[in-house]
Structures are given as structure tokens and as C-alpha cells.
Amino acid sequence: MLDIKYIVAHPEEVKKRLSLRKPELAAQIDGVLEKYSAYKTVLARVEELRAKRNEMSKSIGKIKKEQGDDAAKEAMAEVGKLKEEMAVKEAELDPLKKEINDLLLSIPNLPNEHIPVGVSDADNPEYLPCTTPLPKFDFKPLDHQAVGEKLGILDFEAAAALSGSRFALFKGDGARLERAIISFMLDMHAKKGYTEVLPPVIVNEDILIGTGQLPKFREDMYELVGEPKQFLISTAEIPLTNLNRIRVIPEAELPIKLTAYSSCFRKESGTYGKDTRGLIRNHQFDKVELVMLSKPEHSYQMLEIMVSDAQEILKELGIPYHVVELCSGDIGFSSAKTYDIEVWMPSENRFREISSCSNCLDFQARRMGLRYKNAQGKLEYVHTLNGSGLAVGRTFAAILENFQQADGSVIIPPALRPYFGKDKIEAKK
RNA sequence: GGAGAGGUGGCCGAGUGGUUUAAGGCACUAGUCUUGAAAACUGGCAUACCGCAAGGUAUCGAGGGUUCGAAUCCCUCCCUCUCCGCCA
């Protein structure tokens, strides 16, 4: 969330930058400022009353000890009167505080000043062009679902029978390939100094507030029945970023680099009819995630490193991709700056998102109290970054589409062969 | 799920209703001393919020309650440890 002090000190700048995401966001800032000034007025009175009460209570103790219980009666009656106003004012305080906090929690991060201005993904400029040659086919390439079903390694009918639409079932070489991709990615990242983590996929409510899924995006999450409120994670970013919450991180530990494979669960509400075929947009999917905690002065540098670490996977696999920079209208709620890596999908004749790498600055850290002690000995919020490294199902799909052969078989990229055990998935006779 | 024990500052740990600030120790840090270091001694040392400041308020796992006053008493919940049950 944004720093209330910063909003108070720079209201016009905050409004201007937020309106680059969406013009109507600026109005929310006025609401916050109004509530905050009311809150301060009440707070000042409450603290004044409390100070008076504390002072008198102390003197009551003193009087009782020195002069006996009866001597204190007058003072006790007087404090009793104070308590009436206190009760009234205190009752006003909490709702105001909660309102301000709720407002702040639902306001997105300020976009970085230098990111391109725009309203949708159509306005995202290319940041790095594709350098891997696009595959050439002397036949009409199939989409990955058709390739997978013909090979008998993907079974969407079976998945639908078990779980409904938007689920996938991997079988035989398919299941094995998915697992190979996961291991390959984790090993690559481990070599680059990321610590591998295997986190829980069920988390508590406050964890989701920390990374920004709650309170605003509850309808995207699978919520479990019962108390305490718990949710299936929609990305491993959630447990990884929250891993060090409410802790003061020793400066020497920064930057912290984490990677995790996890299943991810998303309701995908509001995406009816969109990307309904195949592995592109499912309720449950596999992803290898990258998370970094960095000192503020290094976070943009770390973002470049993260994007390059994620690209490394595609370079090794030989899958064509390019990188785009998201415009102000397209970056996510918590992000100040985001790069998307997009892979080439021959069946669609276009690039498709496979990774999204974001610098969230102190936006998430403030929500979860994640700080470190800087060189001056002052506590300061760390910056958090997250990125896919990569979406496993979409990588699977890209391999099937880019490396399919005329006979229906699929060549396995050399880098994956030690994990997969074979150099191709044979077509059925 | 059941029984018992516990949760206090960066760490250890005292503290079962009141007289200025949660004792003491460790760690850290500054100074004195010293050629330098160690030791010793002296001082500093939580966080957040309000306030121009002086200063104030809050926080002892969380949330409620009792009281003029709560780390301390009461209620609910969470977590950790030990044992039992169940289970991969």
C-alpha cells in the first residue's frame, strides 16, 4: 500500500501518477485525505484524554498509599467523568482508522515515472526483440491441444469429467514432460543463486493482504470452507514474498533470491470464453516462480536481472520469445514496473505471455511489515520483486507447438533431454 | 482430536493490580583509558503514531472484558513444546 505520509505530502503527484493507470483512481486519494484529517482531529482529543486519565490514575495510587483509600475518592470520581467522553471519542477512532486502512489497501501502487503511458496491452512497447528464428513449417502447424491429444499426452475430456472445464490432465510422456520442465527450471535458477522453496499452497487471509490479492481480488481466489479463512494460492509469489514477513532482515542477507515450483489456483472469473482451449488459461496450473527482496536502491537493477534469468530458460530451450514493457494502464495492482516475456505460438501466429516480472517497490513490504536495518541503523522497507520463471503449462504448450513435426511427433529441446530421458515424443502409429 | 506446559524488547530472562520510563544480563554502539587491542569504567540502545516543539499515545502472542489504573485478573482465539490418538 501507499505511504499515507507520502500521500499527505504530495497529493497532486500521487493523483497524477495513479490516473496514468486509470483516471478515476485520483478521486480515491481525496477520500483518503479527508478521512485522515478527521482521524487526526479525533486522535488528538483521545490522546489528550488518555494522558489526563493516566496522570490521575498515577496520583490515585500515590494518594491511596500515603493517605488511605478514602482520600482518593474525589479523584476517582473525576476520572469517572473523563471516561464518558473517552468512550465516545474512542468509539469514533477505530472505524475511521479502519476506513482509511481499507481505502489504502484498495489503492494500487504508483507506476514508475518512466514507464510508457497507455491504457491496455495494445500500448505495450517491445523492450527486447525476438532473436531466435521463428520455426518454419512445410505443413499447417496444429495448436498444442491438438498436438498433445494426438500424442495421447494431454486429455482434456478426462480432466473435464473429473473437474469441469479449464482443467488439464497430463498423461504418460505428457506428465513426464511437465515434471521435466519443472526440474529443469528449478535447477537453472538454483545455479543463479536462488534458494529453492517448496511452500504450502494453502495460506491465511493476512498473507494475501500482504501481496495484494486481498481485499480487492477476492473473487479470483479459491476460498476454503470454514474457519480460519484460508485460500489456495494463485501464485507461489504469495508464500515466497511473505516468507520473511514481520521480521527485520539483517542487511547482509539482502538481496534474498527465492524460487519455488507450485500448483497455482485461479477462478478466472471474468474470463469466460477467453483462451478456452488447451493449457493457456486453466483453474489449476504449474508455475515456477522467482521472488527477490532487495534494498531500495538496487531494486530496478534486480528487475533487469530477474527478467534476464527468466529469459535464460527460453534461450536454453530454443523457444522464440520477445520482451515487452507494460504500459501504465496494463501493470498489475502491486507493481510499479513490469516486463512481460512472450513466447511464439505458431498456431496463433503471435506471441503469448509466459512470464511477468514486476518491481513492487515497498508496496507489498509495507503491507506485511517487511523491513531491514539500513547502514544508518534505521529501519526501512525492502523492495519486493516477483516474476514467473516460467509458467510451466505455457512452456509445455510452446514446446509442442514450436517443435512439432509433420508426422505428429515432437522434438524435445536438448536442454530438457537429461530430465525427460528421450529426445522426442513419438507419434502414435 | 485429547491432556499438560509455555508465548515478555535483536537474544536470554525477572516481573500475579499502583508511587518516572518492563529489573537484570548478553549482543550492539559511542566515549574514557591504551602505542594498538583486550579488559575495566561511563553513557547510549524497541517500534509505530500524533505534535513546529516540549511532549504525548499505543504496543508484553491476537482480540475482547473487569478496573480510577492491567504484562499481571476474567473470556475467546492463535502459535510453540511434551505426551496420547489418528494418519502418508
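No experiment lies behind these values; they were computed from the predicted model shown.

A. Focus on the environment of Leu162. With respect to the helices and strands, the residue Leu162 is situated in helix α6 (residues 156-163). On the basis of relative accessible area, Leu162 is assigned to the exposed category, the value being 66%.

B. Structural detail: the environment of Ser120. Residue position: Ser120 is located in the loop between α4 (73-105) and β1 (126-128). Between the C-alpha atom of Ser120 and that of Met188, which follows or precedes it by 68 residues, the distance is 33 Å. Not counting residues up to four positions away in its chain, the partners in contact with Ser120 are Cys327 and Asp330.

C. Summary view of the confidence of the model for chain A. For chain A, the mean per-residue pLDDT works out to 92, and 99% of the residues sit at or above 70. Interface confidence for the predicted complex, given as ipTM, is 0.81, next to a pTM of 0.92.

D. Quick peek at the side chain of Asn386. For Asn386, the location among the structural elements is in strand β13 (residues 383-391). Asn386 sits in the buried class, given a relative accessible area of 8%. Within the local environment of Asn386, its side chain forms a polar contact with the side chain of Glu237, the two groups lying 3.2 Å apart. Excluding residues within four positions of it along the chain, Asn386 makes contact with Glu237, Glu289, Leu290, Val291, Met306, Ser356, Cys357, Ser358, Cys360 and Gln364.

E. Structural view of the protein's contact with RNA strand B. Taken together, 19 residues form the shell around RNA strand B, and within it Tyr36, Glu47, Arg50, Ser57 and Val79 come nearest. If you look at RNA strand B and keep only atoms within 4 Å of the protein, 72% of those are sugar or phosphate atoms. For RNA strand B, a sugar or linking oxygen lies 3.1 Å from a polar atom in the side chain of Arg50. A distance of 3.2 Å separates a phosphate oxygen of RNA strand B from a polar atom in the side chain of Asn54. Only α3 (26-67) and α4 provide two or more residues apiece to the surface near RNA strand B. Tallying contributions element by element places α3 first for the surface near RNA strand B, with 13 residues. Per-class residue counts for the surface near RNA strand B are seven nonpolar, three polar and nine charged.

F. Spotlight on helix α10 (residues 299-317). Across its 19 residues, α10 extends 28 Å between first and last C-alpha, which sits within 8% of the 27 Å expected from 1.5 Å per residue. Within α10, the full set of buried residues consists of Ser299, Met302, Leu303, Met306, Val307, Asp309, Ala310, Gln311, Ile313, Leu314 and Leu317. Trailing α10 by a residue or two, Gly318 shows a phi angle of about 75°, which is positive.

G. Structural view of the sheet that holds strand β10 (residues 350-359). With mixed pairing, eight strands are arranged side by side in an open sheet as β1-β8-β9-β10-β13-β7-β6-β2. Only two strands of the sheet have a single neighbouring strand rather than two, namely β1 and β2 (195-197). Strand-to-strand twist in this sheet, taken as the mean axis angle between neighbours without regard to direction, amounts to 30°. Summarising the sheet, strand β8 (residues 321-325) and strand β9 (residues 337-345) pair through five bridges and their orientation is antiparallel. Bridge pairing in β9 places Val323 opposite Ile341. Sitting on the sheet, helix α7 (residues 173-191) is in contact with β2, β6 (256-265), β7 (284-294) and β13, with an inclination near 5° to β7.

Rules used in this analysis
Residues numbered from 1 in each chain as written. Chains lettered and ligands numbered in written order. Predicted model: local features only at pLDDT ≥ 70, side-chain atom pairs only at ≥ 80, totals over all residues. Heavy atoms only, no water. Helix = DSSP H or I, 4+ residues; strand = E, 2+ residues; numbered from the N terminus. Buried < 20%, exposed > 50% of the residue type's maximum accessible area, 1.4 Å probe, protein only. Contact = heavy atoms within 4.5 Å. pLDDT = per-residue confidence, 0-100. Polar contact = N/O pair within 3.5 Å; in protein donor to acceptor, adjacent residues only side chain to side chain. Near = heavy atom within 4 Å. Nonpolar A, V, L, I, M, F, W, Y, C, P; charged D, E, K, R; others polar. Expected span 1.5 Å × (residues − 1). Pairing = 2+ DSSP bridges. Axes fitted to C-alpha atoms, helices over the stretch in contact; angles between N-to-C directions.

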